[in-house]
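As a plain string of letters, each chain reads:
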Amino acid sequence: MTAHLAAVLITKLTVSNFLDEEDIEALRRLPIHRREFKARETMVSDGQRPHECRLIGEGFAFRAKTTVEGQRQVLSLHIPGEVPDIQSLHLKVMDHDLTTLTPCTLGFIPHAAVMGLNRNGQTLLPPFGEKH
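Cut-off values and rules
- Residues numbered from 1 in each chain as written.
- Predicted model: local features only at pLDDT ≥ 70, side-chain atom pairs only at ≥ 80, totals over all residues.
- Heavy atoms only, no water.
- Pairing = 2+ DSSP bridges.
- Helix = DSSP H or I, 4+ residues; strand = E, 2+ residues; numbered from the N terminus.
- Axes fitted to C-alpha atoms, helices over the stretch in contact; angles between N-to-C directions.
- Contact = heavy atoms within 4.5 Å.
- Phe/Tyr/Trp six-rings, centres within 6.5 Å; stacked < 30°, edge-to-face > 60°.
- Buried < 20%, exposed > 50% of the residue type's maximum accessible area, 1.4 Å probe, protein only.

Draft legend 1. Quick look at the sheet that holds strand E3 (residues 52-58). Read from one edge to the other, the open sheet built from three strands follows the order E1-E7-E3, with strand pairing classed as antiparallel. The outermost strands of the open sheet, each flanked by one partner alone, are strand E1 (33-37) and E3. Shown here is a sheet whose adjacent strand axes are inclined to one another by a mean of 30°, direction ignored. Both E1 and strand E7 (residues 104-110) contribute to a ladder of five bridges, which runs antiparallel. Note that in E7 the partner of His-33 across the bridge is Phe-108. In this fold helix H1 (residues 2-16) packs onto E1, E3 and E7, with an angle of close to 90° to the strand it touches most, E3.

Draft legend 2. The arrangement of the packing of aromatic side chains in detail. Counting across every chain of the model gives one aromatic pair. With a centroid separation of 6.0 Å and 25° between ring planes, the pair formed by Phe-37 and Phe-108 is classed as stacked. Here Phe-37, found in strand E1, pairs with Phe-108, found in strand E7; they are 71 residues apart in sequence, far enough to count as distant. For Phe-37, a relative accessible area of 6% corresponds to the buried category.

Structure, rendered in structure tokens:
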């Protein structure tokens, strides 16, 4: 089933990026650990120090912050193929929550493996919203 998760990531990336065979093989070799989450389950919380990124294989998720008034402010919605916490590679301490909106199949990818995708100073996974 991790092959399916890698395929979802590859499909999402190839929509707006050119990936050669070497890139695709590197993504297929990622150590992705599959986990199921229920709807409205927190994947990672504000203040946590994650050591892995989450890949959405199935379902929908959102990033949100808690305001000073105690309200939830939704920052973004995420669909299959996205890695909504890619910034955790450099953020170190999360400053927002990442929560499932629907039941989700997630792939957990160790930060070290994602950093290992770096080739010639360029990573295969651009920051969310950026094309390369």
